[in-house]
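# Remarks on the overall topology
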Amino acid sequence: MFAIAVTVAIVIGFFAPSAIATPPSPPAGKHWVPALAEEFNGSSLDPTSWSTCYHWFNAQHQGCTNSGNNELEWYKSSQVSVENGHATLTAMNTGTTGVVKDLQGNDVIKNFPYRSGMISTGGSQWMDAAKRTMLYGFIEARIRVPEGQGLWPAFWMLSADYGWPPEIDIMEILGHDTSTTHMNLHWNDAGNHQQAGSSFSNEISLSGGWHTFAVDWQPGKLVWYVDGVPRKALSSAGVPDRPMYVLFNLAVGGDWPGSPDSSTVFPAKMDIDYVRTYDLVDGA
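These lines cover the structure that appears in this document, whether it is placed above or below. (Residues numbered from 1 in each chain as written. Predicted model: local features only at pLDDT ≥ 70, side-chain atom pairs only at ≥ 80, totals over all residues. Heavy atoms only, no water.)

The strand order across the open sheet built from 6 strands is β9-β18-β11-β12-β13-β14, with neighbouring strands paired in antiparallel fashion. Among the strands making up the open sheet, the edge pair consists of β9 (118-120) and β14 (192-201). Along the sheet, successive strands turn relative to each other by an average axial angle of 15 degrees, direction set aside. One ladder, built from 10 bridges, connects strand β13 (residues 177-189) with β14; its direction is antiparallel. Note that in β14 the partner of T181 across the bridge is F200. (Pairing = 2+ DSSP bridges. Helix = DSSP H or I, 4+ residues; strand = E, 2+ residues; numbered from the N terminus. Axes fitted to C-alpha atoms, helices over the stretch in contact; angles between N-to-C directions.)

Set out below in structure tokens:
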């Protein structure tokens, strides 16, 4: 979800389709312990697990945005709902006001042409401790993404200490190309931002139907899955070795997808059926 940087030499592999169990078999001497099992079966988010903004939530304007990407939405809790067994993030072309920082670090009121929703297991306000984190393990979500120019649904992870990088992008899909899943890792190398990224092209569009996206995160290695099939493997010293928290958001506009146009249908919705995490611990 952040700016693209230089890619360094690492090991990346792609896999042919093959059905797997969820989660995959652990390495020798390790086993999986279920951690978070969020099924969204209630009528609202569990506030002990979920926030509806980044930790830089602005209380005066009741929301937040990711200005580093020049996004066009202001995230508001009113754009998040839970019903019928899933959470829904709704983007609307209804303008609102928010606040961004100028180059001197001052707050500047800004008009946003769109409002949208996000959820995160990070803190609810500035530098609040993350609500749920994991350090190594398997995380999977079942998601239904929208289609439309300028839409940017994402499922990703950030560091629980709020430093950036690292960042693990489990799934990013651009609304004008919903057959392509983007998977990325960002990390810091001696003060320099590095990125390793690739994409997987599905035979069909992923919009409108339910699909699972996951990552198996182990020391020095990441494996990404789409619909239960491993699609990318990465071995690198840049793989995070610190606790991370998870985010889902439906961005509108920004440097990467570009702005919506007359073909984009609003309201647009990103649905999340479940989120399941497993910790990787010692022992058979």
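Okay, back to it.
One pass over the structure, following the stated rule, counts 1 disulfide. Here C53 is linked by a disulfide to C64, with a sulfur-sulfur distance of 2.4 Å. Its S-S torsion of about -110 degrees marks the bond between C53 and C64 as left-handed, since a negative value means left-handed. Here C64 lies in the loop between β2 (30-38) and β3 (73-75) and C53 lies in the loop between β2 and β3, a separation of 11 residues in the sequence. Across this residue pair, the class does not change: C53 and C64 are buried. (Disulfide = S-S within 2.5 Å. Buried < 20%, exposed > 50% of the residue type's maximum accessible area, 1.4 Å probe, protein only.)

Glancing now at the pairing of strand β16 (residues 221-226). Counting buried positions along β16 gives 5 out of 6 residues, so the element sits mostly inside the fold. Here strand β15 (residues 211-218) folds back onto β16 in antiparallel fashion, the turn holding 2 residues, of which G220 has a positive phi close to 75 degrees. Sheet analysis places β16 next to strand β17 (residues 229-235), joined by 6 bridges and oriented antiparallel. Looking at the pairing, Y225 lines up with P230 of β17.

Across the 7 residues of β17, 6 count as buried, placing the element largely inside the fold. The hairpin turn running from β16 into β17, its antiparallel successor, is 2 residues long, and D227 in that turn takes a positive phi close to 50 degrees.

Here the focus is the environment of T90. Locating T90 in the fold gives a position in strand β5 (residues 86-91). Residue classification places T90 among the buried positions, given a relative accessible area of 9%. Measuring from C-alpha to C-alpha, the distance between T90 and N249 comes to 9.5 Å, with 159 residues separating the pair along the chain. Ignoring any residue separated from it by four or fewer positions in sequence, one finds T90 in contact with Q79, R115, S116, G117, P267, A268 and K269. A distance of 3.3 Å separates the side chain of T90 from the side chain of K269, its partner in a polar contact. (Contact = heavy atoms within 4.5 Å. Polar contact = N/O pair within 3.5 Å; in protein donor to acceptor, adjacent residues only side chain to side chain.)

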